[in-house]
Amino acid sequence: FKQYISSVNTFCDDGTHESTKHNPLAPNNQNIYCQYRSTWDVIQSHDDFKGGKNPPGDVDQNTKPDFTVVRSGSRRDNVVLVLDLSVSLGQDNRLDAMRQSARLFIAGVSDGTGVSLVTFQNVAATRLGLK
């Protein structure tokens, strides 16, 4: 689920090999923005790659990008994650899916960003104040 982890060196596909098989149920941006299609399916359907155009190149080539991050001022970003814990989420593993999504979201929050967690059923409760 974390495409930015340096140890990720393959894309998911629609094949049968477990290590690269696409999970269309995962709550990630790939599924949200690509209509639940695997990465390879999306890549291969693009005009730049259809019909065998642009085959993979030398895998030993250094392709590590070099970025300079610039941010003006010292403004701190804050995020409040509000989670619904009502009974209806107990159906169809919705609660587990929400928890997994919340963990992935929080793991992706930039260092220095304030995070607060609020849950609600009948009443809202702050579970984690801005840190």
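Just above, that's the structure.
Residues numbered from 1 in each chain as written. Predicted model: local features only at pLDDT ≥ 70, side-chain atom pairs only at ≥ 80, totals over all residues. Heavy atoms only, no water.

Engineer: What's the story with the side chain of Ser38 in this structure? I'm lost.
Structural biologist: Here Ser38 shows up in the loop between helix H1 (29-33) and helix H2 (39-45). Leave out the neighbours within four places in its chain, and Ser38 touches Cys12, Asp13, Asp14, His22 and Gln30. (Helix = DSSP H or I, 4+ residues; strand = E, 2+ residues; numbered from the N terminus. Contact = heavy atoms within 4.5 Å.)

Engineer: Explanation requested: unusual backbone geometry in the structure shown.
Structural biologist: It is generally the case that most residues other than glycine have a negative phi and that most peptide bonds are trans. One non-glycine residue, Gln35, adopts positive backbone phi at about 50°. With respect to the element layout, Gln35 can be found in the loop between H1 and H2. One non-glycine residue, Tyr36, adopts positive backbone phi at about 65°. Structurally, Tyr36 can be placed in the loop between H1 and H2. Judged by its relative accessible area of 52%, Tyr36 falls in the exposed class. (Buried < 20%, exposed > 50% of the residue type's maximum accessible area, 1.4 Å probe, protein only.)

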